[in-house]
Amino acid sequence: MEVIIATLDELARLAAGAIEKLVRSRPDAVLGLATGCSPLPIYDELVRRHVEEGLSFAQATAFTLDEYVGLPAEHPERYLNVIEHEIAERVDFAPGAVHGPDGLAVDLEAACAAYDEAISAAGGIDLQILGIGTDGHVGFNEPGSSLASRTRIKTLTEQTRADNARFFAGDLDAVPQHCLTQGLGTIMQARHIVLIATGRAKADAIHQLVEGPVSAMWPAAILQHHPHVTVLIDNAAASRLQLADYFRSTYAAKPAWQGV
Ligand code: GLP
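Residues numbered from 1 in each chain as written. Predicted model: local features only at pLDDT ≥ 70, side-chain atom pairs only at ≥ 80, totals over all residues. Heavy atoms only, no water.

(A) Spotlight on the site of the ligand. Inspection of the region around the ligand gives 14 residues, with Cys 37, Ser 38, Asp 66, His 137 and Lys 202 positioned closest. Between the ligand and Cys 37, the relevant distance is 2.7 Å, taken from an oxygen atom to a main-chain nitrogen or oxygen of the residue. For the ligand, the protein covers 95% of the area, taking 390 Å² as the surface of the free molecule. When each cavity is represented as a set of grid points, the ligand is found to reside in the largest pocket. (Near = heavy atom within 4 Å. Polar contact = N/O pair within 3.5 Å; in protein donor to acceptor, adjacent residues only side chain to side chain. Areas by Shrake-Rupley, 256 points an atom, 1.4 Å probe, with all protein chains shown as cover. 1 Å grid on protein atoms, 1.4 Å probe; cavity = no way out; pocket = protein on both sides within 12 Å on 5 of 7 lines; lining within 4 Å. Sits in = over half its atoms within 2 Å of the grid points.)

Right, dumping it as structure tokens:
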């Protein structure tokens, strides 16, 4: 696990750089895209590189991490719409190239199984962008999630619903209670995972992810078992890390050309 503590601008450049390197070497790469505020600076940087430097996603495919159950197709907070709005329609993904679990399916369990199959059929995810919840969830794998789980239906915790009420004009009742999420086992199959987190509210979750025991209480800690994870955090999110000074000196000594 590589942990980089830097400014938000630098974190966004590092993540965008990893995506650019992948897509330029393999234009038909499979990307995993996350919602939430944390990845937005990465998407802005990708859009800039698309507009100013010709970075193209025309042959790429993308899979979103999760989806609310039951939000109408046109709802602005439906995660497929969020991803379309924040990144897909701002660059040049081909129509239909961005996939999400179907939170409106009549048979939700079948939709979850179909989603895992679609990811496999695409060859698996090359690079997965992740955020992290204040309770240590990734995707919507809440505390108590099976560390080997596949895409499935989950019930959101009250904390997550309260955290996400900001996207529903502060109306907790408007936040769905259920979601579909890639499982931790699904996420672990991505070949490179880039997790971004900023702010003091994420400091406990980052401490548990990087330094905690691997436990379903802090689901993100399963990433300690992944061979290629990059954790991109600012000073505030790093504020509980015992190893912060080590991570800072390691990054300071890293050759600039190396990337993540
Ligand atoms: C939601 C998403 C997660 C995301 C989390 C954190 O719960 N399902 O994928 O990581 O929000 O969001 P933010 O980055 O806005 O703090």
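(B) Fine view of the nonpolar core. Core analysis: the biggest nonpolar cluster contains 70 residues, and Leu 31, Phe 57, Phe 93, Leu 195, Ile 206 and Ile 233 have the highest contact counts within it. With eight residues, helix H1 (residues 8–25) is the single largest residue contributor to this core. Apart from the residues within four sequence positions on either side, Ile 206 is in contact with Ile 132, Leu 195, Ala 197, Glu 211, Val 231, Ile 233, Ala 237 and Leu 241. Core analysis: the next-biggest nonpolar cluster, separate from the first, contains 10 residues, Tyr 68, Leu 71, Tyr 79 and Ala 165 among them. (Core = buried A, V, L, I, M, F, W, Y, C linked by side-chain atoms within 4.5 Å. Buried < 20%, exposed > 50% of the residue type's maximum accessible area, 1.4 Å probe, protein only. Helix = DSSP H or I, 4+ residues; strand = E, 2+ residues; numbered from the N terminus. Contact = heavy atoms within 4.5 Å.)

(C) The arrangement of the side chain of Gln 128 in detail. Within the fold, Gln 128 resides in strand E6 (residues 127–130). Engagement of the side chain of Gln 128 in a polar contact is seen with the backbone oxygen of Gly 32, the distance being 3.4 Å. Residues within four places of Gln 128 in sequence aside, it is in contact with Gly 32, Leu 33, Leu 65, Gln 182, Ala 190, His 192, Ile 193 and Val 194.

(D) A look at the pattern of salt bridges. Scanning all chains against the criterion turns up 15 salt bridges. Across the pair Asp 116 and Arg 150 runs a salt bridge, and its minimum N-O distance is 3.5 Å. With a gap of 34 residues between them, Asp 116 in helix H4 (residues 108–121) and Arg 150 in the loop between E6 and strand E7 (152–155) connect regions that are remote in the sequence. The class of Asp 116 is buried, set by a relative accessible area of 12%. Take Arg 150: its relative accessible area is 34%, and that puts it in the partly exposed class. Two residues, Arg 191 and Asp 126, come together in a salt bridge whose shortest N-O distance is 2.9 Å. Separated by 65 residues along the polypeptide, Arg 191 in the loop between helix H6 (184–187) and strand E9 (192–197) and Asp 126 in the loop between H4 and E6 bring together distant segments of the chain. (Salt bridge = Lys/Arg side-chain N within 4 Å of Asp/Glu carboxyl O.)

(E) The arrangement of the packing of aromatic side chains in detail. This structure, assessed with the given rule, holds seven aromatic pairs. With 5.8 Å between their ring centres and 50 degrees between their planes, Tyr 246 and Phe 247 make a pair best called tilted. One aromatic cluster is present, formed by Tyr 68, Tyr 79, Phe 140 and Phe 168 through successive ring pairs. (Phe/Tyr/Trp six-rings, centres within 6.5 Å; stacked < 30°, edge-to-face > 60°.)

(F) The sheet that holds E6, seen in detail. Strand order in the open sheet formed by seven strands is E1-E10-E9-E6-E2-E3-E5, with parallel pairing between adjacent strands. For this open sheet the edge positions go to strand E1 (2–5) and strand E5 (98–99), each flanked by a neighbour on one side alone. (Pairing = 2+ DSSP bridges.)

(G) Highlighting the sheet that holds strand E8 (residues 178–181). Pairing within the open sheet is antiparallel, and its three strands lie in the order E4-E8-E7. Looking along the sheet, the strands with just one partner apiece sit at the ends: strand E4 (66–68) and E7. Each neighbouring strand pair of the sheet contributes to a mean axis angle of 30 degrees, computed without reference to strand direction. Here E7 pairs with E8 via four bridges, running antiparallel. (Axes fitted to C-alpha atoms, helices over the stretch in contact; angles between N-to-C directions.)

(H) View of the pairing of E6. On E6, burial covers both faces: Leu 127 and Ile 129 on one face and Gln 128 and Leu 130 on the other are all buried. Of the pairings in the sheet, the one linking E6 to E9 comprises four bridges and is parallel in character. Each residue of the ladder has a partner; that of Leu 130, found in E9, is Leu 195.

(I) Geometry of the environment of Lys 254. With respect to the secondary-structure elements, Lys 254 resides in the segment after helix H8 (244–252). On the accessibility criterion, Lys 254 (17% relative accessible area) is buried. Setting aside anything within four residues of it in sequence, one finds Lys 254 in contact with Glu 2, Gly 259 and Val 260. Side chain to side chain, Lys 254 and Glu 2 meet in a polar contact 2.5 Å long.

(J) Region of the structure containing the state of the cysteines. In the structure shown here, the tally under the stated rule is zero disulfides. Among the cysteines around Cys 112, which has no disulfide bond, Cys 179 carries the closest sulfur, lying 9.0 Å off. The buried category is assigned to Cys 112, whose relative accessible area is 3%. Owing to a relative accessible area of 0%, Cys 179 belongs among the buried residues under this scheme. (Disulfide = S-S within 2.5 Å.)

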